Amino acid sequence: MIFVLGATGKVGRALVPALLDAGAAVRALTRDPAKARIDPRAEVVRGDLDTSDLAPLLDGTDRVFVLTQGHSADREAAVAQAAAQTGVSHLVKLSTTGVHFGQTDPITRTHAEAEQAIREAGPAWTILRPGAFMDNRFAWLGTIREENAVYVPEGDPASALVHVRDIAAVATLALTTSGHEGATYELTGGEALTTEQQVAVLSEAIGRPVKYVEEPESAARERMVRQFGWPAEAVDGFFALKRESGAHEHVVFDTVERLLGRPPLTFAAWARENASAYRE
């Protein structure tokens, strides 16, 4: 039995059916099973990592996919410790490439601390470090629908965006086959595209021109607060992350192709899959 945390998140939504298709039994954790859209083949259990007793939730499972809301090192350490106590044999932790590159922004530091807790807990472990997700480009939905435009901060770096299905496929491999114990895998797409190139690819998939607009950081900050309702500290964290990751986002790792035996999914494929969302 594989226990999946973050089952309703970007990766979890792809991981649960991938594991089930691979023949694994899956137990998925959610705060509200009635509202969660989880593959009906999975066992769905109610729980909150901040308040629930973890041992009963983990009872009978032997592998755990570790990803917690807010990427809390304390929560993930508690999961790892409970897993060790209940006899779990393997932990697969979703982290970030920022740890590989030694970034010191708050998000990356938290992942690095959680990685260490996973390694020290006792069970075998595998660390997955994806770069920026293609799904992050859903942040452009509002302005594309309303203005046929994408606004980005000046100097936004090229990025080797990774498809969540590729992350899920690697996680499935690590959770269902041997030979990945003690491994750390950096995961990216197969090519680095500038933001302007990404907009052009998405424009072609949508079937209409989309304007690419660079704006000063001050204007981008105001837009994030106004458009997304982000608090100031979240905006500060975003820009801290971008400043540190900008020098590395273009780096392409061959891990996906090496492990899966096929090229990574492309941003053009992602854009075609999701074009209808931008047309609404």
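Use the structure listed above.
Residues numbered from 1 in each chain as written. Predicted model: local features only at pLDDT ≥ 70, side-chain atom pairs only at ≥ 80, totals over all residues. Heavy atoms only, no water.

Undergrad: Before we move on, could you go through unusual backbone geometry and cite the residues and values that matter?
TA: With a phi close to 50 degrees, N148 is a non-glycine residue in the positive phi region. The topology assignment puts N148 in the loop between helix 6 (141–147) and strand 7 (149–153). (Helix = DSSP H or I, 4+ residues; strand = E, 2+ residues; numbered from the N terminus.)

Undergrad: Kindly report on the environment of F65, identifying the contributing residues and their values.
TA: Structurally, the position occupied by F65 is in strand 4 (residues 63–66). Take F65: its relative accessible area is 0%, and that puts it in the buried class. For F65 and G12, which are 53 residues apart along the polypeptide, the C-alpha to C-alpha distance reads 9.1 Å. Once you skip the residues sitting within four places of it in the chain, F65 turns out to touch F3, V4, L5, V11, L15, V92, L94, A171 and L175. (Buried < 20%, exposed > 50% of the residue type's maximum accessible area, 1.4 Å probe, protein only. Contact = heavy atoms within 4.5 Å.)

Undergrad: Now, about the packing of aromatic side chains: what can you tell me, with residues and values included?
TA: Under the definition given, this model contains five aromatic pairs. Ring centres 5.5 Å apart and planes at 15 degrees place the aromatic pair F267 and W270 in the stacked group. Taken together, the residues span about one helical turn, with F267 and W270 both in helix 12 (residues 267–279) at a distance of three residues. What makes F267 buried here is its relative accessible area of 3%. Three or more aromatic residues joined by ring pairs form one cluster here, namely F138, F267, W270 and Y278. Across the ring face of W125, the terminal group of R119 is positioned such that the distance to the ring centre comes to 4.9 Å. (Phe/Tyr/Trp six-rings, centres within 6.5 Å; stacked < 30°, edge-to-face > 60°. Lys NZ or Arg CZ within 6 Å of the ring centre and 35° of its normal.)

Undergrad: Residue-level account of the nonpolar core, with values.
TA: Ranked by size, the top nonpolar core spans 33 residues in total, and within it V4, L15, V16, L19, F65 and L128 carry the most contacts. Looking at this core, the elements that each hand over two or more residues are strand 1 (2–4), helix 1 (10–21), strand 2 (26–30), strand 5 (90–94), helix 7 (164–176), strand 8 (183–187) and helix 11 (255–260). Per element, the largest residue contribution to this core is seven residues, and it comes from helix 7. Setting aside chain neighbours within four positions, we find V16 in contact with V4, A7, V26, I38, D39 and A42. (Core = buried A, V, L, I, M, F, W, Y, C linked by side-chain atoms within 4.5 Å.)

Undergrad: Can you break down the pattern of salt bridges residue by residue, with the values?
TA: Tallied over the entire structure, the rule returns 13 salt bridges. With a shortest N-O distance of 3.3 Å, R27 and E43 are connected by a salt bridge. Of this pair, R27 sits in strand 2 while E43 sits in strand 3 (residues 43–46), and the two are 16 residues apart along the sequence. Residue R27 is classed as buried on the basis of its relative accessible area of 10%. What emerges from the salt-bridge pattern is a single network uniting E115, R119, R129 and E186. (Salt bridge = Lys/Arg side-chain N within 4 Å of Asp/Glu carboxyl O.)

Undergrad: Can you lay out helix 7 for me, pointing to particular residues and giving the numbers?
TA: Taking 1.5 Å as the rise per residue, helix 7 with 13 residues should run 18 Å; its terminal C-alpha atoms sit 18 Å apart, in good agreement. Where helix 7 is concerned, the buried positions are V164, D166, I167, A168, V170, A171, T172, A174 and L175. (Expected span 1.5 Å × (residues − 1).)

Undergrad: Residues and numbers for the side chain of T143, please.
TA: Here T143 is to be found in helix 6. Not counting chain neighbours up to four residues away, the residues in contact with T143 comprise N148, A149, V150, Y151, R223 and Q227.

Undergrad: Can you break down the pairing of strand 8 residue by residue, with the values?
TA: The buried fraction of strand 8 amounts to four of the five residues, a majority that puts the element mostly inside the structure. Here five bridges tie strand 6 (residues 124–130) to strand 8, and the two strands are oriented parallel to one another. In the strand pairing of strand 8, R129 is matched with E186. (Pairing = 2+ DSSP bridges.)

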